[in-house]
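# Chain and residue survey
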Amino acid sequence: DYAGALNSRLSASGIETHMICREGGDDVPECDSVTRVSFSNSKEILDALVQTNAHNLFLNFAGYGYARWGLAMQLMDAVRKWRGSDSGRRLIVMFHEVNADGRFFTTPYWTKFGQRYIARKILESADVAWTTCQPHKSKLDRLLVGSECEIMPVFSNVGELNELSSFDRRSRIA
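Just so we're clear, the structure is a prediction, and the values are computed from it rather than from any experiment.

Now for the overall build of the chain. When its secondary structure is counted, the chain shows six helices and six strands. Overall, the chain shows an N-to-C arrangement of helices and strands of α-β-β-α-β-α-α-β-α-β-α-β. Considering the chain as a whole, with its 174 residues, one finds that 33% of them fall into the buried category. Looking at the chain alone, contacts between residues at least 24 apart form 54% of all its contacts between residues at least 6 apart. For the chain, the exposed surface amounts to about 11400 Å²; the carbon and sulfur share of it is 51%.

Once that is clear, we can look at the environment of Ser138. Here Ser138 lies in helix H6 (residues 134-143). The partly exposed category is assigned to Ser138, whose relative accessible area is 24%. Between the C-alpha atom of Ser138 and that of Cys149, which follows or precedes it by 11 residues, the distance is 9.4 Å.

This paragraph deals with the sheet that holds strand S4 (residues 90-95). The strand order S3-S4-S5-S6 describes an open sheet built from four strands, whose pairing is parallel. Looking at the sheet topology across the chains shown, the edges are occupied by strand S3 (56-61) and strand S6 (150-151). Where S3 lies against S4, six bridges are found, and the strand directions are parallel. Paired with Leu57 across the bridge in S4 is Leu91. In the packing of helix H4 (residues 73-84) onto the sheet, contacts are made with S3 and S4, and the angle to S3 comes to roughly 160°. Strand contacts of H6: S4, strand S5 (128-131) and S6, with the helix running at about 135° to S5, the strand carrying the most contacts.

Turning next to the pairing of S4. The element S4 is extensively covered by neighbouring structure, given that five of its six residues are classed as buried. Bridge count for S4 against S5 is four bridges, and the pairing is parallel. Its bridge partner being in S5, Val93 is matched across the sheet by Ala129. Handedness of the crossover joining S4 and S5 through helix H5 (residues 107-125) is recorded here as right-handed.

Thresholds applied
- Residues numbered from 1 in each chain as written.
- Predicted model: local features only at pLDDT ≥ 70, side-chain atom pairs only at ≥ 80, totals over all residues.
- Heavy atoms only, no water.
- Helix = DSSP H or I, 4+ residues; strand = E, 2+ residues; numbered from the N terminus.
- Buried < 20%, exposed > 50% of the residue type's maximum accessible area, 1.4 Å probe, protein only.
- Contact = heavy atoms within 4.5 Å.
- Areas by Shrake-Rupley, 256 points an atom, 1.4 Å probe, with all protein chains shown as cover.
- Pairing = 2+ DSSP bridges.
- Axes fitted to C-alpha atoms, helices over the stretch in contact; angles between N-to-C directions.
- Right-handed = clockwise from strand over helix to strand, strands pointing away.

Bear in mind that shape data such as this cannot, by itself, settle questions of function.
Next comes the structure, spelled out in structure tokens:
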């Protein structure tokens, strides 16, 4: 998991970490300290951010990880208030996703507008931003002209095959 790997590297470098995770979420990687919040209340998120006394926030952003339909409005609101309340604070964001998309009659089609708004507002507040691939970078560049979002690929934890089978020997089921 990306957050766990990042936390391990930061800790190995002597950097103290504090994770703010979703209440009732999956197991949390080992770190110096953890606060669990619901992510449905911006004041609760903001309070958790302030209580860390951190001056640097690394936001591992994937909207669907924070809110139903990827509409993480409460997170966006709290992060922007945290960043704006002290000029010494820095926001560093890794965008693992920007927005979903789909056909006109599907939920992803209708939620993409809100997801783009949230991504743009978080990107506007960021001091540094990365994303994992070119399609996401292109979306972010369209959302905020002049953004300096860079690409930092995240490698698969599944691994690669040593040898590929010919197509006629492969199963038709993935």
